[in-house]
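Now for the letters of each chain:
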Amino acid sequence: MKKISTLLIIIATLFTLSCEKENFSNPEFSSSELFVYNWLTAGIVPVNEELKIDPMISPVQGTDISWYLNGTLVEEATNQPSFTYQRPEKREDDVLKLVVKRGEITREYTMTLSLRVDFFLPKEYQHKVVGFIASDATDKDIDWANLTHLIVSSAVVDASGAVEAPSLGKINLSNLIETAKKEGVYVLLSVSDNIDPVTGRGPWGNANFIQAIETKEDELIANIVAELENNKYYGVNIDCNLTNPMITEEQALKVKAFVAKLHEALPDKDGGGKMLLSMNAFPVWNDNVIQSWATISEVDWFNLVAYGFDDIVSHHHARYDATFTSGANKWLGYGVPKEKLVLGIPAYGVRYDWPTDGTAVGWSNASLYTSHVSYKNIVNAHSGAEVSTKNHGDYSSGYIDEASGIFFDSLISAEEKANAVITNQWGGVAVYSVEQDTHDEKSLTKKLYQVLNNQ
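Residues numbered from 1 in each chain as written. Predicted model: local features only at pLDDT ≥ 70, side-chain atom pairs only at ≥ 80, totals over all residues. Heavy atoms only, no water.

## Quick word on the nonpolar core
Here is step 1 of the chain: By size, the foremost hydrophobic cluster in this structure holds 106 residues, and its most contacted members are L150, I238, F258, W293 and W331.
Here is step 2 of the chain: Excluding residues that lie within four positions of it along the chain, W293 makes contacts with C240, I247, A252, V255, K256, M279, N280, F282, F302 and W331.
Here is step 3 of the chain: Residues I57, A77, V100 and L113 belong to the second largest nonpolar core, which totals 18 residues. (Core = buried A, V, L, I, M, F, W, Y, C linked by side-chain atoms within 4.5 Å. Buried < 20%, exposed > 50% of the residue type's maximum accessible area, 1.4 Å probe, protein only. Contact = heavy atoms within 4.5 Å.)

## Side note on the sheet that holds strand β6 (residues 72-73)
Two modes of strand pairing occur in sheets, parallel and antiparallel, and in both the strands are linked by backbone hydrogen bonds.
Here is step 1 of the chain: Taken in spatial order, the 5 strands make up an open sheet running β2-β9-β8-β5-β6, and their pairing is mixed. At either end of the open sheet lies a strand with only one pairing partner, and these are β2 (42-45) and β6.
Here is step 2 of the chain: Summarising the sheet, strand β8 (residues 94-102) and strand β9 (residues 105-115) pair through 9 bridges and their orientation is antiparallel. The residue of β9 that forms the bridge with V100 is R107. (Pairing = 2+ DSSP bridges. Helix = DSSP H or I, 4+ residues; strand = E, 2+ residues; numbered from the N terminus.)

## A short note on the pairing of β9
Here is step 1 of the chain: Both β2 and β9 contribute to a ladder of 4 bridges, which runs parallel. Looking at β9, one finds that V45 is bridged to L115.
Here is step 2 of the chain: Taken together, β8 and the strand that follows it, β9, pair antiparallel across an intervening segment of 2 residues, in which G103 is found at a positive phi of about 60°.

## A short note on the pairing of strand β18 (residues 348-352)
Here is step 1 of the chain: Among the 5 residues that make up β18, 4 are buried, leaving the element largely enclosed by the rest of the structure.
Here is step 2 of the chain: Bridging between β18 and strand β19 (residues 370-374) involves 5 bridges; their strand directions are antiparallel. Of the residues in β19, the one forming a bridge with R351 is S371.
Here is step 3 of the chain: Of the pairings in the sheet, the one linking β18 to strand β22 (residues 406-408) comprises 2 bridges and is antiparallel in character.

## Some details on the environment of N175
Here is step 1 of the chain: Mapped onto the elements, N175 comes out in helix α2 (residues 173-183).
Here is step 2 of the chain: Taking the C-alpha atoms as reference, N175 lies 9.3 Å from D139; in sequence the two are 36 residues apart.

## Some points on the sheet that holds β22
Here is step 1 of the chain: Within the open sheet, the 5 strands sit side by side as β19-β18-β22-β21-β20. Their pairing is antiparallel. If you trace the sheet from one side to the other, it starts and ends with β19 and β20 (390-391), each paired once.

## Structural notes on the packing of helix α3 (residues 208-215) against helix α5 (residues 249-265)
Here is step 1 of the chain: Running from amino to carboxyl end, α3 crosses α5 at an angle of 70°, the nearest separation of the two axes being 10 Å. The orientation of α3 relative to α5 falls into the category roughly perpendicular. When you trace α3 past α5, the crossing you get is left-handed. Together, F209, I210, I213 and E214 of α3 and Q251, K254, V255 and F258 of α5 make up the contact between the two elements.
Here is step 2 of the chain: Classifying every residue of the contact of α3 with α5 gives 5 nonpolar, 1 polar and 2 charged. (Axes fitted to C-alpha atoms, helices over the stretch in contact; angles between N-to-C directions. Parallel < 35°, antiparallel > 145°, perpendicular 65-115°, else oblique. Left-handed = near helix turned anticlockwise from the far one by under 90°. Nonpolar A, V, L, I, M, F, W, Y, C, P; charged D, E, K, R; others polar.)

## Notes on the confidence of the model for the chain
Here is step 1 of the chain: Per-residue pLDDT for the chain averages 87, and the proportion of residues at 70 or more is 90%.
Here is step 2 of the chain: Taken element by element, the predicted model of the chain shows its lowest mean pLDDT in helix α1 (residues 2-21) (42) and its highest in strand β23 (residues 428-432) (98).
Here is step 3 of the chain: Contacts of residues 1-22 to residues separated by more than four positions or lying in other chains number 0 contacts, the stretch itself having pLDDT below 50. (pLDDT = per-residue confidence, 0-100.)

## A closer look at the packing of aromatic side chains
Here is step 1 of the chain: Throughout the structure, instances matching the rule amount to 15 aromatic pairs.
Here is step 2 of the chain: Ring plane angle 75° and centroid distance 5.8 Å describe the contact between Y352 and F407, whose orientation is recorded as edge-to-face. One end of the pair, Y352, is in strand β18; the other, F407, is in strand β22, and 55 residues separate them in sequence.
Here is step 3 of the chain: Residue F407 is classed as buried on the basis of its relative accessible area, which comes to 3%.
Here is step 4 of the chain: Ring-pair connections join several aromatic residues into one group, and the members of that group are W39, W67, F83 and Y109.
Here is step 5 of the chain: Stacked on the ring of F309, the Lys or Arg R201 has its end atom at 5.2 Å from the ring centre. (Phe/Tyr/Trp six-rings, centres within 6.5 Å; stacked < 30°, edge-to-face > 60°. Lys NZ or Arg CZ within 6 Å of the ring centre and 35° of its normal.)

Structure representation (structure tokens):
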């Protein structure tokens, strides 16, 4: 025991002597020295949660510290070595800047603070820009920055009430909806009869949808709701393409009742509230038989299909006067509130190539001499086509003088239609379809979004 005590005394003595010899002091910095460590250039923060930015500033004493949020000095944080950021409910990024000064040294550091999307936060807009996407699309065909809503076209209804999921080719639906969530764009599923993916119009006399409504309504509603829930859509678009001689006013009323019943069965969407419900309406010669649809109060908006009117003479299939404004006025007269009216604009044109051998052209054979060309193919093949305009007397359109004429909406005619939406305080526009558009400065969707939302 004596040996152990002696050993402890020796160690303590040595420790004391060691401390006496070691001269501990704070590090000294010259006026030309200033260090900042542990600075990150980006942060992702959920809404209403806090992130403490706590870099190591050395030396703190004698250093002026300033914090700027989006260019504005945060005075209460002046000379504080850390900053507490609370994420507001918005989609745009914030930029935080740290400025440190010591003597003649000034250093600046910036950090981008982004929203972490744990729930759906829709982007703000003045007018809707709805994009339809069909079967030949890829991920690159979706210009998220210039859309407020995306409608996937389409789930096809069978007479039995079954609903066949849309075929999107190279697009993964789950990834698409997750991307839309981050971009603040609503994604809806369009439910329809068989339709042409290029024009968005159905074949003459196709009536599976109405047959399912009349005989298998409950099964049809259950299948639609299941498709929406299983794939996490934010709503549904009803495309009951019955604008042909087969439809009757009685059938139209059955469609109206079906839509109301479907709305009642719709689950809540992410973020609360019922899933969205839109519906296609048609400005055609016999649309008086479906005018009862205009007063379906459960519909959030109506997509007016103001295109696809090929003819037996050469003219634009989406005329400003005959289908766009006059069609809008008809449906307003039927009872659609102006803010619920979304006007359709095609991203494709019609090419007429009439026979030169004397063959008579009528409704029975006109399709043999007409074809549909995507907007992107038109502008890629013809220099300046995107700003072409031809006055046809009572309307204008994009025009290529080839064969018997190619008619389409150019940037000029699209802007004219967008201005009509603004002037008349209508709800917005719907582009069919986005994969047929370009994704550069020639883009119809981009032009429409810029005009309608003051960008």
